[in-house]
Amino acid sequence: MSASHTPDTAPRPALPYRGRFAPSPTGPLHAGSLLSAVCSFLEARRHDGRWQVRIDDIDPPREVAGAADAILRSLDAHGLHADDSIVFQSRRQAAYLGALDRLRDAGVLFPCACSRRELRARATAGPNGPLYPGTCRDGLPPGREARAWRLRVNQAEDLFEDRFQGLVRTRLAETVGDFVVRRADGLLAYNLAAAVDDGSSDISHVIRGHDLLWCTPPQRLIQRALGLRSPEYGHLPVLVDLQGQKLSKQQGAPALDDRSAPANLWLALQRLQQEPPPALRRASLATLWQWAHAHWTPDRLLGQETIRIDHDEAIGD
Ligand code: GLU
């Protein structure tokens, strides 16, 4: 059995707007993540909705000590105040384990014994990385033990309308393959935790970077298999340097200087193509936010995958 890809076509009453920003504490807030925070916040406000902050701290090996606190301090310093208490994924293990059990009971998961090396040797190339070769799909090979758990995908097409990227259609079997929901090290996969949280906490809209676009079909599939409602999605262009390299914590993107919060916000609005007046470059945070709420025009970002900045500009953050 594989999880159903059939779109849920029954009309559903719209949820009240509830957006969220969900950083991983793998480093401080930087200019790239600020764009997702600002855009999801402005969208929530434009719809008179609420805005949640969730710390995605379910991957301790990748976590940087103090990063969660630093991110929360930076958000506050930039006037990005959450409407509800902060959600920590590390405190929601029981919900994810319950979801894993339900998926297992529904017969859509299978245990996988493949090592990284075996996968490298046998996987075919997909557009977003190697595709699972199907080795353990129909049962573990004799004498082998389960390392990870994967969700079995089928050939059906997934289709959704992205706020910024337009219609996205994909066949998970060709783009992602049977994907991991519980990792070989025992940790739960980001896709599982994000799908459960977004689907079960009345998040109506997920606005995040374009680099996460290909996580959306797996997350939607998990939500469908669990009978959870999928939010609407919007994938923003991501900041890249002149070489096309995404600005990220892993690439050592510099932390935002919280003392320059108004200047950081001005620059974020400019990068989001809102054309803030140069005269506001030295304005107070309150004035800038007021301007941003009044002039927020997200359609300027339609169809864009990247925003190029030069190195000096990135360092200057
Ligand atoms: N925690 C993920 C990250 O920082 C993003 C999660 C999301 O927005 O879905 O890359």
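Residue indices begin from 1 for each chain and proceed along its sequence in written order. Local features in this predicted model are restricted to residues whose pLDDT is 70 or higher, and side-chain atom pairs enter the listing and the counts only when it is 80 or higher, whereas totals over whole chains, interfaces and linings include all residues. By convention in this description, side-chain values take in all heavy atoms of the structure and omit both hydrogens and water.

## Some remarks on the side chain of Ser36
Here is step 1: Within the secondary structure, Ser36 sits in helix 1 (residues 31-46).
Here is step 2: The contact partners of Ser36, leaving out residues within four places of it in the chain, are Phe21, Arg208, Gly209 and Leu236. Strands here mean DSSP runs of E at least two residues long; helices mean DSSP runs of H or I at least four residues long; both are numbered from the N terminus. The criterion used for residue contact is that any of the two residues' heavy atoms lie within 4.5 Å.

## Comments concerning the packing of aromatic side chains
Here is step 1: For Phe, Tyr and Trp, where Trp contributes only its six-membered ring, two rings pair if their centres lie within 6.5 Å, and the inter-plane angle classes them as stacked under 30 degrees, edge-to-face over 60, or tilted in between. The tally for this structure, following the rule as stated, stands at five aromatic pairs.
Here is step 2: Seen in terms of ring centroids, Phe21 and Trp51 are 6.4 Å apart; in terms of plane orientation they differ by 10 degrees. Their pairing is stacked. Here Phe21, found in strand 1 (residues 18-21), pairs with Trp51, found in strand 2 (residues 50-55); they are 30 residues apart in sequence, far enough to count as distant.
Here is step 3: Every member of this aromatic cluster is reached through a ring pair, and the members are Phe21, Phe41, Trp51 and Trp289.
Here is step 4: Above the plane of the ring of Trp149 lies Arg104, whose end atom (NZ or CZ) is 4.3 Å from the centre. Put simply, a charge is over a ring when the Lys NZ or the Arg CZ is close to the ring centre, within 6 Å, and near the line of the ring normal, within 35 degrees.

## Here's the deal with the packing of helix 1 against helix 9 (residues 285-295)
Here is step 1: Only the stretch in contact is used when fitting a helix axis, every axis being a line fitted to C-alpha atoms; angles between N-to-C directions are given from 0 to 180 degrees. Their axes nearest at 10 Å, the elements helix 1 and helix 9 cross at an angle of 65 degrees. The handedness of the crossing between helix 1 and helix 9 is right-handed. Contact residues: helix 1 offers Val38, Phe41, Leu42 and Arg45, while helix 9 offers Trp289, Ala292 and His293.
Here is step 2: For this classification, Asp, Glu, Lys and Arg are treated as charged, while Ala, Val, Leu, Ile, Met, Phe, Trp, Tyr, Cys and Pro are nonpolar and the rest, including Gly, are polar. For the contact of helix 1 with helix 9, the residue count by class is five nonpolar, one polar and one charged. Should the near helix be turned anticlockwise from the far one by less than a right angle, the crossing is left-handed, and should it be turned clockwise, the crossing is right-handed.

## Some thoughts on the packing of helix 3 (residues 93-105) against helix 6 (residues 190-200)
Here is step 1: Where helix 3 meets helix 6, the axes come as close as 10 Å, and the angle between the chain directions of the two elements is 100 degrees. Our classification of the angle between helix 3 and helix 6 gives roughly perpendicular. Across the interface between the two elements, Ala95, Tyr96, Ala99, Leu100 and Leu103 from helix 3 touch Leu192, Ala193, Val196 and Asp197 from helix 6.
Here is step 2: Split by residue class, the contact of helix 3 with helix 6 holds eight nonpolar, no polar and one charged. Note that the term roughly parallel is reserved for angles under 35 degrees, roughly antiparallel for angles over 145, roughly perpendicular for angles of 65 to 115, and oblique for everything else.

## Comments concerning helix 8 (residues 261-271)
Owing to its 3.6 residues per turn, the α-helix aligns residues three or four sequence positions apart on the same side.
Here is step 1: Burial here depends on accessible area, computed with a 1.4 Å probe over protein chains only, as a share of the maximum for the residue type. Under 20% is buried, over 50% is exposed, and the range in between is partly exposed. Across the 11 residues of helix 8, eight count as buried, placing the element largely inside the fold.
Here is step 2: Every buried residue belonging to helix 8 is among Ala261, Asn264, Leu265, Trp266, Leu267, Ala268, Leu269 and Arg271, and all of these are buried.
Here is step 3: Just past helix 8, the residue Gln273 takes up positive phi, approximately 60 degrees.

## Details of unusual backbone geometry
Excluding glycine, most residues fall at negative phi; most peptide bonds, likewise, are trans.
Here is step 1: With a phi angle near 55 degrees, Asp48 is a residue other than glycine that sits in the positive phi range.
Here is step 2: Assignment of secondary structure puts Asp48 in the loop between helix 1 and strand 2.
Here is step 3: Overall, the relative accessible area of 74% leaves Asp48 in the exposed class.

## Section: the sheet that holds strand 3 (residues 87-88)
Here is step 1: The sheet built from three strands is open, its strands ordered 1-2-3 with parallel pairing. Edge strands, defined here as strands with exactly one partner in the open sheet, are strand 1 and strand 3.
Here is step 2: By definition, two strands form a pair when at least two bridges between them are found by DSSP. The sheet contact formed by strand 2 and strand 3 spans two bridges and is parallel. Each bridged residue has a counterpart across the sheet, and for Arg54 the counterpart in strand 3 is Val87.
Here is step 3: Packing of helix 1 onto the sheet brings it into contact with strand 1 and strand 2, and relative to strand 2 it is tilted by some 150 degrees.

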